[in-house]
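Notes for the structure review
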Amino acid sequence: MTTGTEPTERLRRWRLVLGGEQADGTGCALSGRDAGMDGALAALYGKGDRPQTGRERAAGLGASAPSVARWLGDIRTYFPSSVVQIMQRDAIDRLGLSALLLEPEMLEAVEADVHLVGTLLSLNKAMPETTKETARAVVRKVVDALEKRLATRTRATLTGALDRSARVTRPRHHDIDWNRTIAANLKHYLPEHRTVVPERLIGYGRAARSVKKEVILCIDQSGSMAASVVYASVFGAVLASMRSISTRLVVFDTVVVDLTDQLDDPVDVLFGTQLGGGTDINRALAHCQAHLTRPAETVVVLISDLYEGGIRDEMLKRVAAMKASGVQFVTLLALSDEGAPAYDREHAAALAALGAPAFACTPDLFPEVMAAALEKRPLPIPETA
């Protein structure tokens with residue numbers, strides 16, 4: 001049975017969506033918290049890109065930091081954190097508020113997330129010295145949260161992959177994996193002796209000492225890849241913390257920068273990037289190729305939307321040559337929670353033909369992708385790829 005309050009609640013929700021004035025047709029007035037919420041929405045979404053007709057809600061946060069700071073406080077009062085982050089992102093995109101992020105007071109008021117970090121990194125060169133310390137603190141907060149979320153599972157997943165890849169068929173006695181050895185030799189069970197004859201021994205190498213895998217993360221730092229750069233820097237630091245993996249981190253646009261010596265601190269890595277600019281994948285892969293020492297034990301991860309500004313044929317030849325030498329080559333169109341961005345489909349198809357399919361990867365899937373690459377088994381490509 002419908003209660004009398006349900007139609008009223010529906011009108012209230014429609015009123016918040018439509019924005020009021022005569023054109024919305026609800027005839028519903030707002031007061032108190034609802035009026036404050038409507039004002040916060042109106043300041044951002046009141047005027048879209050379409051022409052205005054009739055009396056529509058007026059938009060505007062003004063051009064001053066105080067008015068924006070008040071608005072940031074309002075939306076944090078009225079909406080949950082996930083919605084606040086979306087509204088902040090929309091405010092930066094729709095109302096051109098990037099310049100205000102160069103003020104320390106503004107940075108202290110915003111809700112920090114991956115996308116805000118990307119915006120700050122793109123503004124890094126224009127950032128005054130008075131703001132840089134605050135910006136680093138904001139970036140540090142986001143990076144620490146990501147590491148807390150991702151590090152433990154990544155290390156556990158990759159340690160298991162390294163142990164499995166280190167398995168040997170002639171192990172020393174103390175390296176024998178007895179469970180797998182018994183399972184592999186059950187057909188040699190002797191009932192009269194009630195024993196299994198282990199004709200084939202299976203064991204583990206000592207991953208931390210005898211198995212050394214090499215990983216090269218090659219990251220496109222063009223503007224569209226901002227979130228991927230943030231996540232890749234965090235994963236790079238996690239991989240570098242594992243003694244059994246030698247990790248190299250390379251970022252590129254039209255030039256190539258090797259940030260391997262900064263991998264102990266992903267914040268330093270991030271501030272060593274310069275988001276924006278062109279793309280020369282071929283030059284970046286040439287740098288990676290020059291640092292291959294044990295191709296058969298190396299995983300190269302290219303993270304790029306594949307819009308190549310360099311020499312396309314040379315890029316593909318380098319990928320083919322690395323794969324022929326034994327390198328496990330992984331191509332990620334994005335490393336983020338947002339799915340695949342716009343990307344060069346022709347280059348993606350060409351890489352797939354070489355056995356290096358390109359797909360978008362979420363941060364939660366990345367440890368599984370790396371584990372599969374380390375073990376040289378098929379990659380867990382999402383069905384939507």
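No experiment lies behind these values; they were computed from the predicted model shown. As a convention, each chain's residues are numbered from 1 in the sequence order in which they are written. In keeping with the model being predicted, local features are shown solely for residues with a pLDDT of at least 70 and side-chain atom pairs are shown and tallied solely at 80 or more, while totals for entire chains, interfaces and linings include all residues. Only hydrogens and water are set aside; all other atoms, that is, all heavy atoms of the structure, feed into the side-chain values.

**Topic: the layout of surface pockets**
Of the voids in this model, the largest pocket is the one considered here, and its volume is about 310 Å³. Around the largest pocket, the lining comprises 19 residues; the ones closest to its centre are Q85, D113, V114, L146 and Y231. Numbered from the N terminus, helices here are DSSP runs of H or I no shorter than four residues, and strands are runs of E no shorter than two. Going through the elements one at a time, α4 (81-95), α6 (114-122), α7 (129-165) and α10 (226-240) are the ones with two or more residues in the lining of the largest pocket. In terms of residue count, the dominant contributor to the lining of the largest pocket is α7 (five residues). Among the residues making up the lining of the largest pocket, the classes are represented as eight nonpolar, four polar and seven charged. Lining residues are those with an atom within 4 Å of a point, where the points come from a 1 Å grid over the protein atoms alone and group into cavities, where a 1.4 Å probe fits but cannot get out, or pockets, open sets with protein on both sides within 12 Å along at least five of seven lines. Grid points are joined across faces, edges and corners, and a volume is the space filled by probe spheres set on the points. Each residue gets one of three labels, nonpolar for Ala, Val, Leu, Ile, Met, Phe, Trp, Tyr, Cys and Pro, charged for Asp, Glu, Lys and Arg, and polar for the others, Gly among them.

**Topic: the state of the cysteines**
The definition used for a disulfide is geometric: two cysteine sulfur atoms within 2.5 Å. Applying the stated criterion to the full structure yields zero disulfides. Here C218 is not disulfide-linked; the sulfur of C288 is the nearest cysteine sulfur, at 3.8 Å. By relative accessible area, C288 is classed as buried at 0%. Only protein chains enter the accessibility calculation, which uses a 1.4 Å probe. A residue is then buried if its area is under 20% of the maximum for its type, exposed if over 50%, and partly exposed in between.

**As for the confidence of the model for the protein**
Across the protein, the average pLDDT comes to 82, with 83% of residues at 70 or higher. Taking the mean pLDDT of every element in the protein, the minimum, 47, falls on helix α9 (residues 207-210) and the maximum, 97, on strand β6 (residues 298-303). Predicted confidence is poor over residues 48-59, with pLDDT under 50, and the contacts of this stretch with residues over four places away or in other chains come to 24 contacts. Every residue carries a pLDDT, the predictor's confidence in it, which falls somewhere between 0 and 100. Residue contacts follow a heavy-atom distance rule, with two residues in contact if any of their heavy atoms lie within 4.5 Å.

**Concerning the side chain of D265**
Positionally, D265 belongs in the loop between β5 (256-258) and α11 (266-271). A polar side-chain atom of D265 sits 2.9 Å from the main-chain amide nitrogen of V267. Polar contacts, as used here, are pairs of N or O atoms within 3.5 Å; protein pairs need one atom able to donate a hydrogen and one able to accept it. Residues neighboring in sequence count only if both atoms are side-chain atoms.

**A look at helix α13 (residues 312-324)**
Each helix should span, by expectation, one fewer than its residue count multiplied by 1.5 Å. Here α13 spans 19 Å end to end across 13 residues, near enough to the 18 Å set by a 1.5 Å rise per residue. Turning to α13, its buried residues are M315, L316, V319 and M322. The arc that holds every buried residue of α13, seen down its axis, measures 125°, which confines them to one face. For α13, the exposed residues set more than 90 degrees away from the buried face come down to K317 and A324. Contact partners of the buried residues in α13: α12 (281-290), β6, β7 (328-335) and α14 (345-353). As used here, the arc belongs to the directions running from the helix axis to the C-beta atoms.

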